[in-house]
Amino acid sequence: MGYIEKDIAPVDDGALTDAYSRSIARAVDIVGPAVNRIERIGDRGDHGSGFSIAPDGLIITNNHVVGHAARVRITRPDGFVTEGSVLGSDVDTDIALIRANTGGEAWARLGNSKLLRRGHIAIAIGNPLGFEWTVTAGIVSALGRSMRAASGRLMDDVIQTDAALNPGNSGGPLVSSQGEVIGVNTAVIQGAQSIAFAVASNTANFVVSEILRYGRVRRAYIGIAGDTIELPRRIALEAGTDRATSVRIRRVETSSPAERGRLAEGDFILAIDGKPVGGVDDIVRLMHGETIGRNTEVLIFSVAGRVEKRTLVPVARP
C-alpha cells in the first residue's frame, strides 16, 4: 500500500510565471540589440528582419526578403541606418547573407538546433506589419518538418513553432531561453493559427559557411526526403552508435542516386562516409560539393531489420 505525503507544498504559480518571464526577458536582452530591419534598395518589396552574427557586419536574413536585390537598407534598434551588400543567398533554404557597410556593436550567437526538443521555449523577434522590434513567445511545436521552398524543392529540418509570426518577421531570429538563435523565421500558413516555421540554426550555419567560402551553396543530390526522429535503443545498440536520433527516409525519388544505391523508404540513415548522422541537418552538411561524382558509403538500418552498407554516387544539384 502506498504512502501519501500529506505535507506536499503547493506549486507557487507566481514563482513559475516570474521564472518564465525572466528567461524570456533575458533572452530578448541578449539577442534583441542584434535584430535589424531589412529593406531592399530600389525595390518596392516588403521589409523584413535580419540579425547580426558577427561584429564585422555579417547579417542573416531570408532569401525572399532580399529577393534579387544587390543592396539593402539596414535599420538598427537604436535608429542608426546603414546599407549593406548581399553576399549570397540560397533559395533552397531561404537563407541570405548580408554584409553591412559598418560593423555592429551587438551580434547573436547561433546555437545547436540538434539539441532542441518539443516543448522548449521559442522566442521570435522581428518587425511584423510595421510594428518594430516586436517580441512573441511560444514553444517548439515540432522538429524535422519539411516544407516547399520558392524553388519548388523541399526544405528539410524545419522547426515548427506556435510563436506568433506575421509579414515582416521573415529573416528574424527564433531564440531559445538561453539567448541563442535556434532558427531563422521564414513562413506562416495563411489562415492557420499558431503554426509558423523557422529554418534550423544548424542549416543556416552551413549555408553561411558555404557562401563565405564559395559565394554560393554547393550541394550534392541523392534524392531522398527524410525526418529527424528518435533512434530506437535496440537499433543504436546493434549499430554501435551512441546517437539518440537518426534520419528515417520518407521518400526516395525515382531514378535518383538513392534508388540506384538501393535505399528504401523506412530505412534509417546512421552514418555517411563514417560520419554519424543524427539529423537531417547532418545530411545537408555531409552532402557537400566534394561528394559529387564520388563513391559515398551510407550506413543504414534497413527495413529488413539489418545494419547494412550502401554505396551511392551523388550528383550535382541541378
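Undergrad: Pulling in residues and values, what's your account of the pairing of strand E5 (residues 81-90)?
TA: Inspection of the sheet shows strand E4 (residues 71-75) paired to E5 by five bridges, in the antiparallel sense. By the bridge assignment for E5, Val 72 is matched with Gly 84. Remark: five residues form the turn of the hairpin made by E4 and E5, two consecutive strands paired antiparallel; Gly 79 in that turn has positive phi of roughly 95°. Judged from the six bridges that link them, E5 and strand E6 (residues 95-100) form a sheet pairing that is antiparallel. Paired with Asp 90 across the bridge in E6 is Ile 95. The turn joining E5 and E6, which pair antiparallel and follow one another in sequence, is formed by four residues; a positive phi near 60° is taken by Asp 94.

Undergrad: If you had to explain the sheet that holds E4 to someone new, which residues and values would you point to?
TA: Pairing is antiparallel in the closed barrel, where six strands are placed in the order E1-E2-E3-E6-E5-E4. Within the sheet, the average angular offset between the axes of one strand and its neighbour, ignoring direction, is 40°. The strands touched by helix H3 (residues 201-214) within the sheet are strand E3 (58-61), E5 and E6, with E6 carrying the most contacts at an inclination of about 55°.

Undergrad: I'd like a description of the side chain of Asn 185, backed by residues and values.
TA: Tracing the backbone through its elements, the reader meets Asn 185 in strand E11 (residues 181-188). Classification of Asn 185 as buried rests on a relative accessible area of 0%. Among the polar contacts made by the side chain of Asn 185, one reaches the main-chain carbonyl oxygen of Pro 173 at a distance of 3.2 Å. Among all residues touching Asn 185, those that are not within four sequence positions of it are Asn 62, Ala 124, Ile 125, Leu 165, Asn 169, Ser 170, Gly 171, Gly 172, Pro 173, Leu 174, Phe 197 and Ala 198.

Cut-offs applied
- Residues numbered from 1 in each chain as written.
- Predicted model: local features only at pLDDT ≥ 70, side-chain atom pairs only at ≥ 80, totals over all residues.
- Heavy atoms only, no water.
- Pairing = 2+ DSSP bridges.
- Helix = DSSP H or I, 4+ residues; strand = E, 2+ residues; numbered from the N terminus.
- Axes fitted to C-alpha atoms, helices over the stretch in contact; angles between N-to-C directions.
- Contact = heavy atoms within 4.5 Å.
- Buried < 20%, exposed > 50% of the residue type's maximum accessible area, 1.4 Å probe, protein only.
- Polar contact = N/O pair within 3.5 Å; in protein donor to acceptor, adjacent residues only side chain to side chain.

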